[in-house]
Each structure stands twice: as structure tokens, then as C-alpha cells.
Amino acid sequence: QVQLVESGGGSMQAGGSLRLSCAASGSIFSINTMGWYRQAPGKQRELVAGITSGGSSNYADSVKGRFTISRDNAKKTVYLQMNSLKPEDTAVYYCNAWVVPATTFRGSNYWGQGTQVTVSS
């Protein structure tokens, strides 16, 4: 069973920094794109940043220059470094990954359970 487990959320004042981590576990053959999404109360889930297995990344316009996504393929882990946090960054952040399990060799989209990030002004 493939699982994505996030950590690193919390509360922070505006201007501060947080680092989120998401580790994939289970019987995994390969992981393609990994990314972070967020969902604020009353809003739709939106892509924050994504990164391919080769290291190519993309960002939402609202976080460009403030957030950095990275991954450690050996550890099957993706990170999101969030700097210069703003109150509008407050949301539940979800890890996402396209994983090919070693048990089925059929790729599927997997989600973490979510971690709360709260930024106060």
C-alpha cells in the first residue's frame, strides 16, 4: 500500500518561513511528478508547485519567488520551502504524487492526508 505522509505544517507570523516534507512509503517501483496543492476554506484546491523526477519545477504565480520545491529521489521525499509567508498562504497543504506501485505496475495519483499552515498578520 502506497502512502504519502506530510510533516512540517504549523502556525507562523507573516514574513516567516516553514518547510513541508512529504515522504512516500510502500512497495514503489517509480515516482513521476510530485507536487504540493493547497486548499483554503471555501476555495477550490489549487496547485502550488510541482516537480518532475528529473527536477523540472513549476509554480503558481502567487508563490513564485517565495516558495521552492525540491525532492530527494533516493528518499522518495518532496519538500516545499516556504519563505516570506503571507496570511493568504493559510490553507491545508496536500502532497501529491504519481506513483507506480511495484505490486501492480499501474500508475496512480496519490494524495497525502494534508497539513495545516496558518499565517497570521
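As shown above, the structure is provided for reference.
Computed from a predicted structure; not experimentally measured.

1. Side note on the pairing of strand β8 (residues 77-82)
- With 5 of 6 residues buried, β8 is to be regarded as a mostly interior element.
- Alignment of strand β3 (residues 18-25) against β8, held across 6 bridges, turns out to be antiparallel. Opposite A23, over in β8, you have T77 as the bridge partner.
- For strand β7 (residues 67-72) and β8, the ladder comprises 6 bridges, and the chain directions are antiparallel. The partner of R71 across the bridge, within β8, is V78.
- Count of turn residues in the β7/β8 antiparallel hairpin: 4 residues, of which K76 carries a positive phi of about 55°.

2. A word on the nonpolar core
- One finds W36, V48, F67, V78, L80, M82 and Y93 to be the most contacted residues of the largest nonpolar core, which totals 29 residues.
- Listing elements by their share of this core, those giving two or more residues are β3, β4 (28-39), β5 (46-51), β7, β8, β9 (91-101) and β11 (115-120).
- Per-element tally for this core: the top contributor is β9, with 5 residues.
- Setting aside chain neighbours within four positions, we find L80 in contact with L18, R19, L20, W36, V48, A49, F67, T68, I69 and Y93.

3. Overview of the packing of aromatic side chains
- In total, this model carries 2 aromatic pairs according to the counting rule given.
- Consider the rings of F29 and F105, whose centres lie 5.1 Å apart with planes at 65°: the pair is edge-to-face. A residue pair is termed long-range when its members are at least 10 positions apart, and F29 in strand β4 and F105 in the loop between β9 and β10 (108-111) qualify at 76 residues.
- The exposure class of F29 is exposed, given its relative accessible area of 55%.
- A cation sits over an aromatic face here: R45 above W111, 4.6 Å from the ring centre.

4. A word on the pairing of β10
- Across 4 bridges, the pairing between β9 and β10 is antiparallel. Pairing of W98 across the sheet is with N109, part of β10.
- The hairpin turn running from β9 into β10, its antiparallel successor, is 6 residues long, and F105 in that turn takes a positive phi close to 55°.

Rules of the game
Starting afresh in each chain, residues are numbered from 1 along the sequence in its written order. Only residues with pLDDT of at least 70 get local features here, since the model is predicted, and only at 80 or more are side-chain atom pairs given and counted; chain-wide, interface and lining totals rely on the full set of residues. Note: side-chain values were computed over all heavy atoms of the structure, leaving out hydrogens and water. Remark: exposure states derive from per-residue accessible area (1.4 Å probe, protein chains only) relative to the maximum for the residue type, with buried under 20%, exposed over 50%, and partly exposed in between. Strands are runs of DSSP state E lasting at least 2 residues, helices are runs of H or I lasting at least 4, and numbering of each runs from the N terminus. DSSP calls a pair of strands paired once it identifies at least 2 bridges connecting them. Definition of nonpolar core: a set of buried residues of the types Ala, Val, Leu, Ile, Met, Phe, Trp, Tyr and Cys, connected through side-chain atoms within 4.5 Å. Throughout, a contact is declared for two residues whenever any of their heavy atoms are within 4.5 Å. Centres within 6.5 Å make a pair out of two Phe, Tyr or Trp rings, where for Trp the six-membered ring is used; the pair is then stacked when the planes are under 30 degrees apart, edge-to-face when over 60, and tilted otherwise. Any Lys NZ or Arg CZ that is within 6 Å of a ring centre and within 35 degrees of that ring's normal is treated as a charge sitting over the ring.

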